[in-house]
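Chain by chain, the residues run as shown.
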Amino acid sequence: MSINRGLKIAIDGPAGSGKSTVAREVARRLKLTYLDTGAMYRAITLKLLRENVDLTDTGQVEKVLERTVILTGPDERIYLDGEDVTAEIRTPQVNAAVSRVAELTAIRRKLVQQQKEIAAYAEGIVMEGRDISSRVMPDATHKFYLDAALTERARRRMREQHSKGLFLSFESVYNEIKERDRIDSERADSPLEIAPGVQVIDTTDLPVEEVVERVLQAVNRHRT
Ligand code: CDP
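To start, this report covers the structure provided alongside it.

So, how was this worked out
- Residues numbered from 1 in each chain as written.
- Predicted model: local features only at pLDDT ≥ 70, side-chain atom pairs only at ≥ 80, totals over all residues.
- Heavy atoms only, no water.
- Pairing = 2+ DSSP bridges.
- Helix = DSSP H or I, 4+ residues; strand = E, 2+ residues; numbered from the N terminus.
- Axes fitted to C-alpha atoms, helices over the stretch in contact; angles between N-to-C directions.
- Contact = heavy atoms within 4.5 Å.
- Salt bridge = Lys/Arg side-chain N within 4 Å of Asp/Glu carboxyl O.
- Parallel < 35°, antiparallel > 145°, perpendicular 65-115°, else oblique.
- Left-handed = near helix turned anticlockwise from the far one by under 90°.
- Nonpolar A, V, L, I, M, F, W, Y, C, P; charged D, E, K, R; others polar.
- Near = heavy atom within 4 Å.
- Polar contact = N/O pair within 3.5 Å; in protein donor to acceptor, adjacent residues only side chain to side chain.
- Areas by Shrake-Rupley, 256 points an atom, 1.4 Å probe, with all protein chains shown as cover.
- Buried < 20%, exposed > 50% of the residue type's maximum accessible area, 1.4 Å probe, protein only.
- Core = buried A, V, L, I, M, F, W, Y, C linked by side-chain atoms within 4.5 Å.

**Side note on the sheet that holds strand β7 (residues 142-147)**
Inference 1: Here five strands make up an open sheet; going across it, the order is β2-β6-β1-β7-β8 and the pairing parallel. Looking along the sheet, the strands with just one partner apiece sit at the ends: β2 (33-36) and β8 (199-202). Direction aside, the axes of adjacent strands within the sheet are offset by 20 degrees on average.
Inference 2: The pairing of β2 with strand β6 (residues 125-129) spans four bridges and is parallel. When the sheet's bridge partners are listed, T33 is paired in β6 with I125.
Inference 3: Of the strands in this sheet, β1 (8-12), β7 and β8 are in contact with helix α9 (residues 208-221), which crosses β7 at around 160 degrees.

As structure tokens, then:
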């Protein structure tokens with residue numbers, strides 16, 4: 001059995017902080033399951049956008065939720081009611097709407113419940129998001145919060161979009177991330193915040209490999 005069995009690593013942080021890249025690599029190196037919880041919020045957002053649901057109409061949102069199945073598969077594929085929506089959840093339309101959807105308690109209740117179950121059944125997991133340390137895995141063995149200056153985060157997101165052939169202006173990417181940070185930090189239900197006991201890593205001037213090393217060192221130093 002792997003010596004990493006039982007490791008539960010929580011990585012939170014804002015958009016462009018490097019969470020996904022770091023979490024994915026840490027999971028690969030430690031041979032743990034990797035879960036990107038943001039992808040789940042993105043998938044339900046896609047459905048609500050497709051169905052033109054009024055987000056202020058809680059009843060309608062709940063009805064849609066009841067008949068929605070979001071599954072994560074191998075290779076980080078994400079399925080919405082059986083349809084592979086891995087690419088479609090990363091469009092500017094979803095970016096613009098996802099934080100408004102993630103504010104809704106009915107949505108959070110369902111997804112957090114599903115994420116808790118995934119954590120309970122995994123032999124070891126690296127989970128990344130906004131409320132993993134505080135809400136989804138308060139019992140995580142290791143908790144991290146990655147941060148970086150807003151301009152650097154926007155630059156990274158720009159480069160990522162360019163690599164997919166999407167050429168948005170720096171200003172629009174910057175503003176989108178800034179607005180998402182604001183909504184995510186100000187919402188009443190499990191906002192993005194630095195939970196107690198979390199190790200904060202400022203990644204502004206750090207290469208990915210260095211951040212991965214710091215996480216791995218911290219994990220190896222404190223094995224529970
Ligand atoms: O990849 P990026 O950092 O742009 O965002 P993401 O991790 O895909 O998450 C998209 C959005 O989902 C966030 O801006 C939050 O509004 C929401 N989210 C959340 O509320 N709780 C989580 N655990 C993960 C994401």
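**A few points about the pattern of salt bridges**
Inference 1: One pass over the full model with this rule turns up 27 salt bridges.
Inference 2: Ionic contacts of the salt-bridge type, sharing partners, join the residues E25, R28, R29, E209 and E213 into one network.

**Quick look at the packing of helix α7 (residues 150-163) against helix α8 (residues 170-186)**
Inference 1: Two numbers describe how α7 lies on α8: the axes approach to 9 Å, and their chain directions differ by 120 degrees. Considering their axes alone, α7 and α8 lie oblique with respect to each other. Helix-helix and strand crossings are classified by hand; for α7 and α8 the assignment is right-handed. Side by side, α7 and α8 meet where L150, T151, R153, A154, R155, R157 and M158 of the first sit next to F170, V173, Y174, I177, K178, R180 and D181 of the second.
Inference 2: Among the residues forming the contact of α7 with α8, the class breakdown is seven nonpolar, one polar and six charged.

**Digging into the site of the ligand**
Inference 1: Close to the ligand lie 18 residues; R42, R108, R157, R180 and D184 are nearest.
Inference 2: Within the side chain of S99, a nitrogen or oxygen atom sits 3.0 Å from an oxygen atom of the ligand.
Inference 3: At 3.1 Å from a nitrogen atom of the ligand is found a main-chain nitrogen or oxygen belonging to R130.
Inference 4: For the ligand, whose accessible area on its own is 530 Å², the fraction buried by protein is 98%.

**A word on the pairing of β1**
Inference 1: Counted residue by residue, β1 has five buried out of five residues, so it is predominantly covered.
Inference 2: Here five bridges tie β1 to β6, and the two strands are oriented parallel to one another. Counted as the bridge partner of I11 is E128 from β6.
Inference 3: Pairing between β1 and β7: four bridges, direction parallel. Looking at the pairing, A10 lines up with K143 of β7.

**Digging into the nonpolar core**
Inference 1: Core analysis: the largest hydrophobic core is formed by 35 residues, its most contacted members being I44, I70, I78, I107, M127 and M137.
Inference 2: Broken down by element, the residue count for this core peaks at seven residues, all from helix α2 (residues 37-50).
Inference 3: One finds I9, V22, L146 and V219 within the second-largest nonpolar core, a separate group that totals 20 residues.

**Here we look at the side chain of T203**
Inference 1: By the secondary structure assignment, T203 is in the loop between β8 and α9.
Inference 2: Sequence-distant contacts of T203, that is, excluding residues within four places in its chain, are made with S17, L146, D147, A148, R156 and V211.

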